[in-house]
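Topology and contacts: notes
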Amino acid sequence: MIATLTLNPTIDGAAQAEVVKPMHKIRTFDEHYYPGGGGLNVARVINELGGESYALYLAGGATGGVLQELIEQARVRAERFSISGSTRISHAIYERSTNLEFRFVPQGPEVSESDCEVVLRALQTLDCKYLVASGSLPRGLRSDIYAIIGAICLSRGIKLVLDSSGDALRHGIGGGVHLAKPSLGELETLVGRRLATAAEQETAAQAIVRDNGLDMLALTLGRDGAMLVTPEKTVMHAAPKINAQSAVGAGDSFLAAMTVRLAAGDAPEAAFLYGMAAGAATALTPGTSLCKRSDVERLYAELRARSEG
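Heads up: these notes are all about the structure in this document. (Residues numbered from 1 in each chain as written. Predicted model: local features only at pLDDT ≥ 70, side-chain atom pairs only at ≥ 80, totals over all residues. Heavy atoms only, no water.)

A short note on the overall build of the protein
On a plain count of helices and strands, the protein comes out with ten helices and 13 strands. Relative to a compact globule of 309 residues, whose C-alpha radius of gyration would be 19 Å, the protein shows 19 Å and is just as compact. By principal-axis analysis of the C-alpha atoms, the protein measures approximately 55 × 45 × 40 Å. By residue count, 52% of the 309 residues in the protein fall in the buried class. In the protein, of all internal contacts separated by at least 6 residues, the share reaching a separation of at least 24 is 64%. Split by element, the accessible area of the protein, about 13,700 Å² in all, is 49% carbon and sulfur. Averaging the locations of the 30 positively and 34 negatively charged side chains of the protein gives two centres separated by 3 Å. (Helix = DSSP H or I, 4+ residues; strand = E, 2+ residues; numbered from the N terminus. Rg over C-alpha atoms; globule rule 2.2 N^0.38 Å. Buried < 20%, exposed > 50% of the residue type's maximum accessible area, 1.4 Å probe, protein only. Contact = heavy atoms within 4.5 Å. Areas by Shrake-Rupley, 256 points an atom, 1.4 Å probe, with all protein chains shown as cover. Lys, Arg positive; Asp, Glu negative; His and termini not counted. Charge placed at Lys NZ, Arg CZ, Asp CG, Glu CD.)

Considering the environment of Asp-30
Among the structural elements, Asp-30 can be located in strand 3 (residues 29-36). Residues Asp-30 and Ala-17 lie 13 residues apart in sequence; the distance between their C-alpha atoms is 8.9 Å. Separated by 2.9 Å, the side chains of Asp-30 and His-32 make a polar contact. (Polar contact = N/O pair within 3.5 Å; in protein donor to acceptor, adjacent residues only side chain to side chain.)

Here we look at the sheet that holds strand 2 (residues 10-17)
On the basis of which strands lie adjacent, the open sheet formed by four strands has the order 3-2-6-7 and mixed pairing. The open sheet has two edge strands with one neighbour each: strand 3 and strand 7 (100-104). Pairs of neighbouring strands in the sheet enclose a mean axial angle of 15°, with direction left out of account. Most of the contacts of helix 1 (residues 38-48) go to strand 3, to which it runs at about 100°, and overall it touches strand 2 and strand 3. Helix-sheet contacts for helix 2 (residues 61-73) involve strand 2, strand 3 and strand 6 (88-95), and the interaxial angle to strand 3 is about 90°. (Pairing = 2+ DSSP bridges. Axes fitted to C-alpha atoms, helices over the stretch in contact; angles between N-to-C directions.)

With respect to the packing of aromatic side chains
Using the criterion set out here, one finds two aromatic pairs in the structure. Note on Tyr-274 and Tyr-300: the rings are 5.1 Å apart at their centroids and 90° apart in plane angle, and the pair reads as edge-to-face. Of this pair, Tyr-274 sits in helix 9 (residues 268-283) while Tyr-300 is found in helix 10 (residues 293-308), placing the two residues 26 residues apart along the sequence. Comparing Tyr-274 with Tyr-300, the two get one shared label, buried. (Phe/Tyr/Trp six-rings, centres within 6.5 Å; stacked < 30°, edge-to-face > 60°.)

Structural notes on the environment of Ala-204
Take Ala-204: it is sitting in helix 7 (residues 198-212). A relative accessible area of 3% places Ala-204 in the buried class. Separated by 32 residues in sequence, Ala-204 and Gly-172 have C-alpha atoms that sit 17 Å apart. Once you skip the residues sitting within four places of it in the chain, Ala-204 turns out to touch Leu-187, Val-191, Arg-193 and Leu-195.

Thoughts on the nonpolar core
With 46 residues, the main nonpolar core has Leu-7, Leu-56, Leu-123, Leu-131, Tyr-146 and Ile-149 as its most contacted residues. Leaving out residues up to four positions away in the same chain, Leu-56 has contacts with Ala-3, Thr-4, Leu-5, Thr-6, Glu-79, Phe-81, Ala-122, Leu-123 and Leu-126. Judged by nonpolar contacts, the second largest core, of 36 residues, contains Val-42, Ala-226, Ala-256 and Leu-299. (Core = buried A, V, L, I, M, F, W, Y, C linked by side-chain atoms within 4.5 Å.)

A short note on the sheet that holds strand 10 (residues 177-180)
Pairing in this open sheet of nine strands is mixed, and the strands run 5-4-1-8-9-10-11-12-13 from one edge to the other. Looking at strand neighbours, the two that pair on one side only are strand 5 (78-83) and strand 13 (234-237), the edges of this open sheet. Across the sheet, the mean angle from the axis of one strand to that of its neighbour is 20°, orientation sign disregarded. For strand 8 (residues 130-134) and strand 9 (residues 159-163), the ladder comprises five bridges, and the chain directions are parallel. When the sheet's bridge partners are listed, Ser-134 is paired in strand 9 with Asp-163.

Take a look at the structure:
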């Protein structure tokens, strides 16, 4: 089983509009709502790809009940930890006249240390092979919470997969992480400088792997593909050529697919390619929809053929 942790989940709404204009009432259509936030997206994709997930998440208020209902509808096995604040609602609007997407992502509720203590106690008895801790931290939590979670995972023999940003990533990445998956922007924030070339990106990623004892780091580069860095080598692949509809959830899908294949015993590079296929497959879907397994398998076959050719 692969467990996921979402400390700042969201109800992900998506809709379309002909034109988005300021100071006007925007009429939307084709509305959809999904359980969102890094770890919940990861859990949904794990299930889609035939894996077994168990999602732990914080939620509260009237919107917390709606989120729980959406999780149940998505058939994700989950455990909710209640908080006093209300779960946030994010929204993505696709403007048909320009093919542009507008994303509105609120901060979310404030969470107390005592709220998180309940989660930490649950992790100390969690029975899983991998834990994917993914997403931003809610207001009120200490920025080294992922380092604390990493220590728990080390003590229990759980492989921690981390996908976050800012101080949460900075403090957490040295805490016994098996796999980290920053985007280019997150990596640049981590090292404090712009990384304009592939060589600069590789050097920075190699230093992070070496200095923090990571088993591997997967750097996602959007349309430019992705880079896998281990203590032994670096591998870079171009992204599949697709007609992208939305970027929402692509990174979470990448992480879910790569973790599924690592947990199944695949070599890191094969798992990495499967992750790339899932990220691209999600970009094919509109709004907050995630990947379809058939698209993932098709794109994975293309990536394998290209890498072997």
